[in-house]
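# Summary of structural features
The residues making up each chain are set out below.
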Amino acid sequence: MKLQDMADACYVSTYTLMQFFKKFGFNKLSIAKKILSKHYDVRFYQFKERYKNNKIDQIKQCLKPVLTAEDYEEIFNQDQMDQLCQKIHQANRIIIQGSDESMSCLLRFQGDMITMDKLVVQNSMYENHFNSLDNQNLNILFSLSGNITKLMSHSIQDNLKQHDLVMVGYQKFYDTNLLLKIPDYVDDALQNLIVNYYFENISYCYYCKYYVDK
């Protein structure tokens, strides 16, 4: 992609995009492309090897002893994962709305999906940063406790309710058919492990169903 194409896809100016790259130490787009390409090659080698050797479900055995049978079944519900991947496939882009401090664990997922031709936008839930939603997007509300929803204006909450929505957290705070549940009785380290599992699994599921044959 050329710089202008990338800027258009991200809904920003070319100047903004170059300032973004400079913050990561890239003075030229060509340098950023070269480094990112190497990272993508390594990541896709991992994808292919784990897929080929059927090693994409290793984390299940780690979590089985600490989860209730009900939560274990829900977290590893493949039908729900297939449904979510279908939504991602049909969407123009994926917008992850969440509190700023919760977003760093999703960077790998964002890179994976962009590599597979799906634009993922991370965005704050705070009103002055809130991204306008439309029916071409799949919206993922990332808030473990749901406290971030209390900081949103009513207009933002109404906007979320009117669009297709996936939730990640302890419980449903809006009426949605897809909840990536995080049990509230496990400690922070295990909660982070479950969050990472969800988004790793989405990447592998999407790769297997919609990308592996390309």
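The following paragraphs examine the structure supplied in this document.

Each value, and the rule that gives it
Residues numbered from 1 in each chain as written. Predicted model: local features only at pLDDT ≥ 70, side-chain atom pairs only at ≥ 80, totals over all residues. Heavy atoms only, no water. Core = buried A, V, L, I, M, F, W, Y, C linked by side-chain atoms within 4.5 Å. Buried < 20%, exposed > 50% of the residue type's maximum accessible area, 1.4 Å probe, protein only. Helix = DSSP H or I, 4+ residues; strand = E, 2+ residues; numbered from the N terminus. Contact = heavy atoms within 4.5 Å. Polar contact = N/O pair within 3.5 Å; in protein donor to acceptor, adjacent residues only side chain to side chain. Phe/Tyr/Trp six-rings, centres within 6.5 Å; stacked < 30°, edge-to-face > 60°.

### Observations concerning the nonpolar core
- Leu84, Ile96, Tyr198, Phe199 and Ile202 are the most contacted members of the largest nonpolar core, which totals 41 residues.
- When residues in this core are grouped by element, the largest group, eleven residues, is from helix H9 (residues 188–211).

### Some remarks on the environment of Val121
- Along the chain, Val121 turns up in strand S2 (residues 119–124).
- For the pair Val121 and Asn139, spaced 18 residues apart in sequence, the C-alpha separation works out to 9.7 Å.
- Not counting the four nearest positions on each side in its chain, Val121 is found in contact with Arg93, Ile94, Ile95, Ile96 and Gln110.

### Here we look at the side chain of Asp71
- Looking at the secondary structure, you find Asp71 in helix H5 (residues 69–75).
- Here Asp71 falls in the buried class, since its relative accessible area comes to 5%.
- Among the polar contacts listed, one links the side chain of Asp71 to the side chain of Lys181, at a separation of 2.9 Å.
- Setting aside residues no more than four positions away along its own chain, Asp71 makes contact with Lys181, Pro183 and Tyr185.

### A look at the packing of aromatic side chains
- Summed over the entire model, instances satisfying the criterion amount to eleven aromatic pairs.
- With a centroid separation of 4.6 Å and an interplanar angle of 55°, the aromatic rings of Tyr72 and Phe76 are classed as tilted. In terms of burial, Tyr72 and Phe76 fall into one category: buried.
- Here Tyr207 and Tyr211 contribute two aromatic rings whose centre-to-centre distance is 6.5 Å and whose plane-to-plane angle is 35°, an arrangement assigned as tilted. On the criterion of helical spacing, the pair formed by Tyr207 and Tyr211 is a turn pair, its members being four residues apart in helix H9.
- The rings of Tyr72, Phe76, Tyr197 and Tyr198 are connected pair by pair, giving a single aromatic cluster.

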